[in-house]
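# Coordinate inspection notes
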Amino acid sequence: CACCRIAPSMLASDLSSLYSEASSILAAGADELHLDVMDGHFVPNITWGSPVLASLRKRLGGEAYFDCHMMVAKPSQWVEDVGKAGGSRYCFHVEALAGDPLDFPALCALIRGAGMEVGVAIKPGTPASAVLDFVSLVDMVLVMTVEPGFGGQKFMPHCLPKVLELRTKFPGLDIEVDGGLSPSTVDAAAAAGANIIVAGSACFKPGANRPEVVATLRRSVEA
Ligand code: DX5
Ligand code: ZN
């Protein structure tokens, strides 16, 4: 429906207390938990995989929405595990398809068969045209506004024309932005047409008033 959803990135939270950080940000009004899975190959960093997702799912129960951002070299390899671990949406990178045995439609079918919604992500250097032909197969397009791999990077406004292009062509599409989003950059992303906002550092930096940050991001999208 292209409704506003705020998806804090757990990468910026205190990972030694992942469950309480997740509970805290959900209580602060978050709609989704954005969970960045990195494999050290697709991006030069490693985070966690399905065992951590499964533990978090077990403690949080069935309600919380897990937005799994899969920064992995072979997206088809982890679909079954992430589905069993309680993933809600499996967002793969279109750039990774070159090294995957499955093509776009087959990967989408695999993800749906595992009980998850489908997202496709594009890096800052990838044009929107890389996904245009496949939009009908997905529930969401993620337009990265930093190079994937690390939290706390600077927002890249030059990625926003891709959001506008997608919003113009697909008025009802869920479009997520991820990287450097904060109360000071969200207005530009929302104006371009983004309706799902990922924010890591902005939500979890020391001293942040979490309910206030989530509410501020939401107000910008709903304005
Ligand atoms: C970066 C990740 C992001 C990251 C966002 O590769 O995909 O989700 O955690 O963090 P901030 O909001 O700090 O840029
Ligand atoms: Zn992410």
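Residues numbered from 1 in each chain as written. Chains lettered and ligands numbered in written order. Predicted model: local features only at pLDDT ≥ 70, side-chain atom pairs only at ≥ 80, totals over all residues.

## Side note on the overall build of the protein chain
Along its length, the protein chain carries 9 helices and 8 strands. At 16 Å, the protein chain has a C-alpha radius of gyration in line with the 17 Å of a compact globule built from 223 residues. Along the first, second and third principal axes, the C-alpha atoms of the protein chain reach 45 × 40 × 30 Å. For the protein chain, the residues scored as buried account for 45% of the 223 residues in total. Across the protein chain, contacts joining residues at least 24 apart in sequence account for 66% of those joining residues at least 6 apart. (Helix = DSSP H or I, 4+ residues; strand = E, 2+ residues; numbered from the N terminus. Rg over C-alpha atoms; globule rule 2.2 N^0.38 Å. Buried ≥ 20, exposed ≤ 12 C-beta atoms within 10 Å, placed from the backbone. Contact = placed C-beta atoms within 7 Å.)

## Observations regarding the site of ligand 1
Inspection of the region around ligand 1 gives 22 residues, with Ser9, Pro148, Gly151, Gly200 and Ser201 positioned closest. Breaking the shell around ligand 1 down by element, the ones donating at least two residues are strand S2 (33-38), strand S8 (196-199) and helix H8 (201-204). (Near = placed C-beta within 6 Å.)

## Quick word on the sheet that holds S8
Sheet architecture is open: 8 strands sit in the order S1-S8-S7-S6-S5-S4-S3-S2, paired in parallel fashion. For this open sheet the edge positions go to strand S1 (5-8) and S2, each flanked by a neighbour on one side alone. Neighbour-to-neighbour, the strand axes of the sheet open up by a mean angle of 25°, direction not taken into account. Relative to S8, S1 runs parallel, the two sharing 4 bridges. Its bridge partner lying in S8, proline 8 is registered against alanine 199. Against the sheet, helix H6 (residues 160-169) engages strand S6 (140-144) and strand S7 (174-178), with an angle of about 170° to S7. (Pairing = 2+ DSSP bridges. Axes fitted to C-alpha atoms, helices over the stretch in contact; angles between N-to-C directions.)

## Notes on helix H4 (residues 104-113)
Taken as a whole, H4 has its buried residues at Leu107, Cys108 and Ile111. In a view along the axis of H4, the buried residues occupy a sector of 100°, so they form one face of it. Residues of H4 that are exposed and angled more than 90 degrees away from the buried face: Pro105, Ala106 and Gly113. In the core, the buried residues of H4 are packed alongside helix H3 (79-84), strand S4 (89-93) and strand S5 (117-122). (Arc of directions from axis to C-beta.)

## Here's the deal with the environment of aspartate 36
With respect to the helices, strands and loops of the structure, aspartate 36 is situated in strand S2. By C-beta crowding, aspartate 36 is classed as buried, having 24 other C-beta atoms within 10 Å. Remark: the alpha-carbon pair of aspartate 36 and lysine 58, spanning 22 residues in sequence, is separated by 18 Å. Non-local contacts of aspartate 36, meaning those with residues more than four positions away in its chain, are made with Ser9, Leu11, Thr47, His69 and Met71.

## Structural notes on the nonpolar core
With 68 residues, the main nonpolar core has Tyr90, Ala189 and Ile197 as its most contacted residues. The element contributing the most residues to this core is S6, with 5 residues. (Core = buried A, V, L, I, M, F, W, Y, C linked by C-beta atoms within 7 Å.)

## Here's the deal with the pairing of S8
Taking every second residue as pointing to the same face, both faces of S8 are buried, with Ile196 and Val198 on one and Ile197 and Ala199 on the other. In terms of strand pairing, S7 meets S8 through 2 bridges, oriented parallel. By the bridge assignment, valine 177 is partnered in S8 with isoleucine 197. Handedness of the S7-helix H7 (residues 186-192)-S8 crossover: right-handed. (Right-handed = clockwise from strand over helix to strand, strands pointing away.)

## A word on the environment of proline 157
For proline 157, the position within the fold is in the loop between S6 and H6. It is 26 Å that separates the C-alpha atoms of proline 157 and proline 211, two residues lying 54 residues apart in sequence.

## Notes on the confidence of the model for the protein chain
With 100% of its residues at a pLDDT of at least 70, the protein chain reaches an overall mean of 98. Both scores are given for the predicted complex: the pTM is 0.98, the ipTM 0.99. (pLDDT = per-residue confidence, 0-100.)

## Quick look at the environment of alanine 130
One can find alanine 130 in helix H5 (residues 129-132). As for alanine 130 and alanine 98, which are separated by 32 residues in sequence, their C-alpha atoms are 12 Å apart.

## Looking at the packing of helix H1 (residues 18-27) against helix H2 (residues 50-60)
Across the interface, H1 lies against H2 with an axial gap of 10 Å and an inter-helix angle of 55°. Classified by the angle their axes make, H1 and H2 are oblique. Between H1 and H2 the crossing geometry is right-handed. Residues Leu18, Tyr19 and Ala22 of H1 lie in contact with H2, whose contacting residues are Leu56, Arg59 and Leu60. Looking at side-chain class alone, the contact of H1 with H2 contains 5 nonpolar, no polar and 1 charged residues. (Parallel < 35°, antiparallel > 145°, perpendicular 65-115°, else oblique. Left-handed = near helix turned anticlockwise from the far one by under 90°. Nonpolar A, V, L, I, M, F, W, Y, C, P; charged D, E, K, R; others polar.)

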